[in-house]
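# Inside the fold
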Amino acid sequence: MEPLATKEAGRTLSDGAFEQIQGAIVEGEIAPGTRISEQYLMDRFGISRGPLREAIRRLEGRRLLLRVPHAGVRVVSLSHSELIELYHVREALEGMACRLAARCMSEAEIAGLREVLAAHERHAGLQRDESYHRQQGDLDIHYRIIQGSRNQMLNELLCADLYHLVRMYRNRYASTARRPQQAFAEHHHIIDAIADRDGELAEILMRRHISASRRSIEQRLQTQQADAIESGETLS
């Protein structure tokens, strides 16, 4: 039997590899669609093959890596239609989470939302009207609201299965002109509705918030498509 200390060391190495590669993908350091080899990841992150393979398996489970027959492993790359579908799912499920959060969150948790928003307001990216969405977990307003819904199914869907895929594309498209300041103001209104225990309004505002982000992305994709057609390229 393998010693417990050895197993724990293996898990620690695998966890470290997992976090490093996931961070590089979500932050855009490794672009969507990039074909990656085990040797490349071993060289870049200083990871041995055993922990690396476990990390890759976990990243496939999080839908960040895709194993293509006869082509190896690639970073996931959603088509335009798939990305818009993802935002439609977010709109419905996060709207529901927001309505439940208005009923279930404690006063201390709501105060925590305001503290996070205040921290975002001081973020240099927001001051320049650039993306401030790089925060995750407890520093992410959306994550906290979903947790505050007290709905385990929503939590598993939005904070585990889809969370990092969503973050990957939020980071990629959040720098659309004027969108960060607009999103910040929308977060204020959403938190106010939660604090007022107005679940119906909170849901409407969250749905509008995500819908506005989706429309911003759609406009950007349409511009990219037009530019590609003009230059003779094609986009998925």
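To keep things clear, this report deals only with the structure shown in the data block. (Residues numbered from 1 in each chain as written. Predicted model: local features only at pLDDT ≥ 70, side-chain atom pairs only at ≥ 80, totals over all residues. Heavy atoms only, no water.)

A few words now on the sheet that holds strand β1 (residues 35–36). Overall, antiparallel pairing links the three strands, which are arranged β1-β3-β2 in an open sheet. Only two strands of the sheet have a single partner each, and these edge strands are β1 and β2 (65–68). (Pairing = 2+ DSSP bridges. Helix = DSSP H or I, 4+ residues; strand = E, 2+ residues; numbered from the N terminus.)

Moving on: the pairing of strand β3 (residues 72–75). As judged from the two bridges shared by β1 and β3, these two strands associate in the antiparallel manner. Within β3, the position partnered with I36 by the bridge is V73. Hairpin connection between β2 and β3: a loop of three residues separates the two successive antiparallel strands, and H70 in this loop has a positive phi of roughly 65 degrees.

Quick look at the packing of helix α5 (residues 107–121) against helix α7 (residues 141–148) now. Two measures define how a pair of helices packs: the angle their axes make with one another and the distance between the axes. Where α5 meets α7, the axes come as close as 10 Å, and the angle between the chain directions of the two elements is 175 degrees. Here α5 lies roughly antiparallel to α7, going by the angle between them. Residue-level contacts link G112, L113, V116, L117 and H120 of α5 to I141, R144 and I145 of α7. Along the lines of polarity and charge, the residues of the contact of α5 with α7 split into five nonpolar, two polar and one charged. (Axes fitted to C-alpha atoms, helices over the stretch in contact; angles between N-to-C directions. Parallel < 35°, antiparallel > 145°, perpendicular 65-115°, else oblique. Contact = heavy atoms within 4.5 Å. Nonpolar A, V, L, I, M, F, W, Y, C, P; charged D, E, K, R; others polar.)

Moving on: helix α10 (residues 179–195). If you check α10, its first and last C-alpha atoms are 24 Å apart, about what 17 residues at 1.5 Å a residue would give, namely 24 Å. Turning to α10, its buried residues are R179, P180, A183, F184, H187, I190, I191, A193 and I194. At the exit of α10 stands R197, carrying a positive phi of roughly 60 degrees. (Expected span 1.5 Å × (residues − 1). Buried < 20%, exposed > 50% of the residue type's maximum accessible area, 1.4 Å probe, protein only.)

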